[in-house]
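Close look at the chain arrangement
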Amino acid sequence: MTILYNLFFLLFSLLVTCILLFLLRVVLIKTGLIYIVKKKWRSIEDCFHVYQFFKVPEFNEGMQRNQLYHKVLVYLNSLTFIEDSDFTNLFTGKKPNEIVLHLDPNQIIEDDFLGAKISWINEDKTLVLKIRKADKRRVLRPYLQHIHSVSDEFDDKKRGLKLYVNVVDHQGDRKERWRSVPFTHPSSFETIAMESDLKNKVKSDLYSFAKAKQYYHRLGRVWKRSYLLYGPSGTGKSSFIAAMANFLSYDVYDLDLSKVSDDSDLKFLLLQTTTKSLVVIEDLDRYLSEKSTAVSLPGILSFMDGILSSSCGEERIMVFTMNRKDHVDPAILRPGRIDVHIHFPLCNFTAFKTLANSYLGLKDHKLFPQVEEIFQKGASLSPAEIGELMIANRNSPSRALKTVINALQTDGDGRGALNLGRGSCENGSRKPVEEIGEPSGVFCKEGANAVKELKKLYGFLRVKSCRKSQSFDLNSRQNEG
Ligand SMILES: Nc1ncnc2c1ncn2[C@@H]1O[C@H](COP(=O)(O)OP(=O)(O)OP(=O)(O)O)[C@@H](O)[C@H]1O
Ligand SMILES: [Mg+2]
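Residues numbered from 1 in each chain as written. Chains lettered and ligands numbered in written order. Predicted model: local features only at pLDDT ≥ 70, side-chain atom pairs only at ≥ 80, totals over all residues. Heavy atoms only, no water.

1. Thoughts on the environment of H365
- One can find H365 in the loop between α13 (349-360) and α14 (368-376).
- Judged by relative accessible area, which is 15%, H365 ranks as buried.
- Between the alpha carbons of H365 and P397 there is a distance of 9.0 Å; along the sequence they are 32 residues apart.
- Ignoring anything within four residues of it in the chain, the contact list for H365 reads S398 and L401. (Helix = DSSP H or I, 4+ residues; strand = E, 2+ residues; numbered from the N terminus. Buried < 20%, exposed > 50% of the residue type's maximum accessible area, 1.4 Å probe, protein only. Contact = heavy atoms within 4.5 Å.)

This is how it looks when you write it as C-alpha cells:
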C-alpha cells in the first residue's frame, strides 16, 4: 500500500512541477524576463569558458578607414539579433518606408555561427569580437568569410545596379572603354509574358548558377554560363535580360560589337568587366551575317569561351540575342559556348491573357473566346505589337481587344504558323522546340510570303525596338525571312 502511495505522491509532485515550470515559462516570456534569465545564464556559462577578443578598429594607424570595420558594421546591422540588444538606433533608409537599425555604442550583439556563440561589443570606434577559445580555430576564418559575403551582397543591393555600354576607342589607348549609368529597367520575371514552367526553369537555373562557385571550380570550368535568347523582334528578349539582371542583382555590360575595333579589343573589353555581371551581345546573328566585321568569328568564339583567364570570365553570365539561329555557325551554338537556349515565340493565347491582365487589368472578357479562336487558326503578333495596341487603348479594354482582334485578323494571318521554334518546322511537323540546357536540332524556317503585305498597317503597327531607338517596319522582317 505504501509503495502505491509513494508512487502516487511522486507522480503528483512531478505533475505539479511540470505545471509550475510551464506557468513560470509563460510568465517569463510574457514579461520578457526570459531575456534577463538568459543573460544571467550566459554570464554564469562565461565563467566556465576562456574567451579570446579580436578588435576591429574603424581606422588603422595611418588613420585610413579599415574596410573590415565597415563590413562588420553592415553585417551586424543586417542581423535580426540587433533587435534584441537593449539600445538600437532607428534611422530612415534611402527608400521612404525603409527603416535601418544601427547599433548603439557599448551595446552587445549576440550571434551564432556553426554552433558557436559569438558576441560583438560596440565600443567607441571599435568593434570587439568575443569568441570562445575552444571555438576559435574552427569558426573564426569561415565566420569572417561569411561576414565578407553578407556585407558585399548587402552593399551590392544598396549601391544599385549599373548599366555599362562600350564606347569607341578613339585614342587607341584602350582606357575606360565602358561608360556606366544607373540601371533602372523595371522589368522582372513577373512582367514577362512567358510560360510559367519555362520561367521557373530559367529562374532556378540562374539561382543555382549564382551559388555554384565550388561546383564549377571542382569541374575545372570557368564559373560562367551563357544564354541564347532567340525569337522574332518584339518578343521580350531585351526585357528578359533586364529581368535576369534584376533577379540576380547583377550589373549589365551591353556590348555593341559595332564599336569594337578588333579581336584583341573585344578581349580587352571582357577583361574590364566585373564579377556578378551580365555581359550582353544583342542581335549577334545580324552581326555574324554581315560580310566584313571588325571582330572575326574566332574572336567571338574565344570571347564566348571566356577562356582568357578565370579572373575575367568568373561569375559572369553571357547573354546573346538573335532573331533567328538557323543561319548561324553551329560552332557558336555548341554547349559550353551557349549553355541554355531560350525561345521567344510570337504571342499565343496564354501570353495574350498575361498581357491583357498586365496592360488592361483583364482576367477574362466576353471577347476572349474570339481571340482564342483567331490564335488557334494560326494568327499571331509579337507581344510588343499587342502591348502597344493595349497601351494605346488602355482606357477602353473592349476597344483594345477589338483592335487586337482586328490586327490579328489583318496582320497576324498565318504568322502564328511561322512562330519560330514552336510551330511548324521545315517538314511541317509541329515539334515543340522549347529548350533549356539542350540546343535544339530542329529549327523552323520562315515560309516565304506567308505574311500578308503590311503596308496598310505600317502606320498602325509600329514596333519600337528598345535597342535601335528607331521604329522598324514589320515589312522588313519579311524581307529578312
Ligand atoms: N513576352 C513579353 N512579355 C511582356 N512584355 C513584352 C514581351 N515581349 C515584348 N514585350 C514588350 O514589348 C516591348 C519590346 O520588347 P523587347 O525590346 O524586350 O523585345 P525584343 O525581343 O528585345 O525585340 P528586338 O528583337 O527587336 O530587340 C517592351 O516594352 C516589352 O515590355
Ligand atoms: Mg531587343
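2. Comments concerning the nonpolar core
- Counting 30 residues, the largest nonpolar core has F240, M244, L278, I317 and I342 as the members making the most contacts within it.
- Elements with a minimum of two residues in this core: α5 (196-210), β9 (224-230), α7 (237-248), β11 (277-281), β12 (316-322) and β13 (340-343).
- Among the elements that make up this core, the one with the highest residue count is α7 (seven residues).
- The residues touching F240, leaving out its near neighbours within four places in the chain, are F189, I192, M194, V202, L229, I342 and F344. (Core = buried A, V, L, I, M, F, W, Y, C linked by side-chain atoms within 4.5 Å.)

3. What about a nonpolar patch on the surface?
- A cluster of nonpolar side chains, namely F8, F12, L15, V16, I19, L20, F22, L23 and V26, defines an oily patch on the protein surface of about 870 Å² accessible area.
- When you line up the elements, F22 lands in helix α1 (residues 2-31).
- You can call F22 exposed: its relative accessible area is 53%. (Patch = residues over 30% accessible without salt bridge, like charges linked within 9 Å, V, L, I, M, F, W, Y side chains within 5 Å. Areas by Shrake-Rupley, 256 points an atom, 1.4 Å probe, with all protein chains shown as cover. Salt bridge = Lys/Arg side-chain N within 4 Å of Asp/Glu carboxyl O.)

4. Focus: the sheet that holds β11
- Sheet architecture is open: seven strands sit in the order β8-β7-β10-β11-β12-β9-β13, paired in mixed fashion. The outermost strands of the open sheet, each flanked by one partner alone, are β8 (178-182) and β13. Each strand of the sheet is rotated relative to its neighbour by a mean of 20°, with strand direction disregarded.
- Pairing of strand β7 (residues 162-166) with β8, which is carried by five bridges, proceeds in the antiparallel orientation. Counted as the bridge partner of N166 is W178 from β8.
- In the packing of helix α10 (residues 297-305) onto the sheet, the strands contacted are β9, β11 and β12, and the crossing angle to β12 comes to about 140°. (Pairing = 2+ DSSP bridges. Axes fitted to C-alpha atoms, helices over the stretch in contact; angles between N-to-C directions.)

By themselves these figures say nothing about function.
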